[in-house]
Amino acid sequence: MVVRRLAGSLGAEVTGFDLSKPLDQDAKNEIQDLLHEHLVLFFPSQDLNAAEHVQLGRCFGTLEAHPHLKNPSSNDHPEIFELAASHGGVADEWHTDITFQEKPAIMSILRMVKCPPVGGDTMWSSMYAAYDALSEPMQALCSDLTALHDASPHGQDEKMAIHPVVRVHPVTGKKALYVNEHFTRRIVELSHSESDVILRYLTKWIAMPQFTVRYSWAADTVAMWDNRCTQHYVLNDFEGERLIQRVTIMGDEPHGDSASRKWAPQLSSQGAIRRHDSKLRRFLRTTKTQ
């Protein structure tokens, strides 16, 4: 196995390793250690079929199909999420996978089945590096806050969860920013205007070039990334078909710093209740009764 770093904050390319073969415990541990170090790994030239892809994912935990997006009928493996740009678009906003769930994705494993000759690169950003580069006062503020995430981009407004703005990785113990422009709607403990300012700042901040790595695809490349400390973004700058298959390992509950202050939610009480406040009220009422 040869490991080549790709950027200062995250990313490594791994060669000399066959992912189609069942992983023993030593191989699994080695990959997990590399993932904790580099956050996203790329394995080029992997001859991996769908069954082997599912088998690889199961080595790392429980798999779950995408909760809202349907796979084509030709896909015989429900654990695999398939997306063709010719009819499904691309995820061209910075995001962490399915953060609208109470227990979001731990890890994703993607296989590039077909890609255009130019364009369609994917970028990842290190949420460790983004948090570490904040000033100490901003770190302290963010560590005291939680945010509402929902599935409105998938047409599922009522599917939502509240997570800490800064989560602590359960394995490395490092702190990572945990808000994204795709699924995060508002910061619970701030007013609307305050939330808008802070979220706008943070979602632009995480895209700073020094936190990122950009990968140019070739067919049969496999990528693995840790959803607990990264975000990713697909560049929609290509023509032709781009077909990916992905399995998603679920799911642990995000936790923040146990020493953080717990502020009360800030809900609008003047005039018409805004849509997100109405949703937030219902969500908080439901969680209290459970």
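Attention in this report is confined to the structure presented alongside it.

What counts as what
Every chain is numbered independently, its residues counted from 1 as its sequence is written. Given that the model is predicted, a residue must reach a pLDDT of at least 70 before its local features are reported, and side-chain atom pairs must reach 80 or more before they are shown or counted; all residues, however, enter totals for whole chains, interfaces and linings. The side-chain numbers reported here are obtained from all heavy atoms of the structure, hydrogens and water having been left aside. Each helix is a run of H or I in the DSSP string that is no shorter than four residues. Each strand is a run of E no shorter than two, and both are numbered from the N terminus. Burial classes follow relative accessibility: with a 1.4 Å probe on protein chains only, a residue under 20% of its type's maximum area counts as buried, one over 50% as exposed, and anything between as partly exposed. Any pair of residues with heavy atoms lying within 4.5 Å of one another is described as a contacting pair. Only the protein chains shown count as cover for residues, with accessible areas throughout obtained via the Shrake-Rupley method and a probe of 1.4 Å. A residue counts toward a patch only above 30% relative accessible area and without a salt bridge, and it is joined to like-charged neighbours within 9 Å or, for Val, Leu, Ile, Met, Phe, Trp and Tyr, to nonpolar neighbours within 5 Å. We define a salt bridge as a contact between a side-chain nitrogen of Lys or Arg and a carboxyl oxygen of Asp or Glu at a distance within 4 Å. Charge counting treats Lys and Arg as positive and Asp and Glu as negative, with His and both chain ends excluded. All charge positions are set by atom: Lys at NZ, Arg at CZ, Asp at CG, Glu at CD. In this description, strands pair whenever DSSP reports at least two bridges between them. Orientation is described by axes fitted as lines to C-alpha atoms, over the contacting stretch for helices, and by angles from 0 to 180 degrees between their N-to-C directions. Working definition: rings of Phe, Tyr and Trp (its six-membered ring) pair if their centres are within 6.5 Å, and the pair is stacked with planes under 30 degrees apart, edge-to-face with planes over 60 apart, and tilted otherwise.

A short note on the overall build of the chain
Here comes step 1: A count of helices and strands for the chain gives seven helices and 16 strands.
Here comes step 2: Taking all 290 residues of the chain together, the buried fraction comes to 50%.
Here comes step 3: Contacts in the chain between residues at least 24 apart in sequence constitute 81% of all its contacts with a sequence separation of at least 6.
Here comes step 4: Total accessible area computed for the chain in this model is approximately 13600 Å², and 48% of it derives from carbon and sulfur atoms.

Section: a negative patch on the surface
Here comes step 1: A contiguous patch of negative charge on the surface is contributed by D24, D26, E30, D33 and E37.
Here comes step 2: The class for D33 is exposed, based on a relative accessible area of 52%.

Side note on the pattern of salt bridges
Here comes step 1: The tally for this structure, following the rule as stated, stands at 10 salt bridges.
Here comes step 2: The partner of D97 in a salt bridge is R246, and the shortest N-O contact between them spans 3.5 Å. One end of the pair, D97, is in the loop between α3 (85-88) and β6 (105-114); the other, R246, is in strand β16 (residues 243-250), and 149 residues separate them in sequence.

A word on the sheet that holds strand β8 (residues 146-151)
Paired through their backbone hydrogen bonds, the strands of a sheet run either parallel or antiparallel.
Here comes step 1: Strand order in the open sheet formed by three strands is β9-β8-β12, with antiparallel pairing between adjacent strands. The open sheet is flanked by β9 (156-164) and β12 (184-187), the only strands paired with a single partner. Between one strand axis and the next, the sheet turns by 25 degrees as a mean value, whatever way the strands run.
Here comes step 2: Note: β8 against β12, three bridges, orientation antiparallel. Bridged to H149 within β12 is T184.

What about unusual backbone geometry?
Here comes step 1: The linkage connecting M250 with the following residue, G251, adopts the cis geometry, with an omega of -25 degrees.
Here comes step 2: Within the fold, G251 resides in the loop between β16 and α7 (275-289).
Here comes step 3: A positive phi angle is found at I98, which is not glycine, with a value near 40 degrees.
Here comes step 4: Along the chain, I98 falls in the loop between α3 and β6.
Here comes step 5: In this structure I98 comes out as buried when scored by relative accessible area, which is 5%.

What to know about the environment of D132
Here comes step 1: Topologically, D132 is positioned in helix α4 (residues 127-132).
Here comes step 2: A sequence separation of 42 residues divides D132 from K174, and the C-alpha atoms of the two residues are 9.6 Å apart.

Quick look at the packing of aromatic side chains
Here comes step 1: A complete count under the given rule lists 10 aromatic pairs for this structure.
Here comes step 2: Ring centres of Y201 and W205 lie 5.8 Å apart, and the angle between their planes is 15 degrees; on these two criteria the pair is classed as stacked. Linking Y201 with W205, this pair stays in helix α6 (residues 192-205), spanning four residues, or about one helical turn.
Here comes step 3: Note on W205: relative accessible area 15%, which makes it buried.
Here comes step 4: Through successive ring pairs, a cluster of aromatic residues spans F42, W124, Y215, W217 and W225.

Digging into the pairing of β16
Here comes step 1: Within β16, eight of the eight residues are buried, leaving the element largely enclosed by the surrounding structure.
Here comes step 2: Here strand β4 (residues 62-63) runs beside β16; their pairing, made up of two bridges, is antiparallel. Its bridge partner being in β16, L63 is matched across the sheet by I249.
Here comes step 3: Of the strand pairs in this sheet, strand β5 (residues 81-84) and β16 are connected by four bridges, and their pairing is antiparallel.

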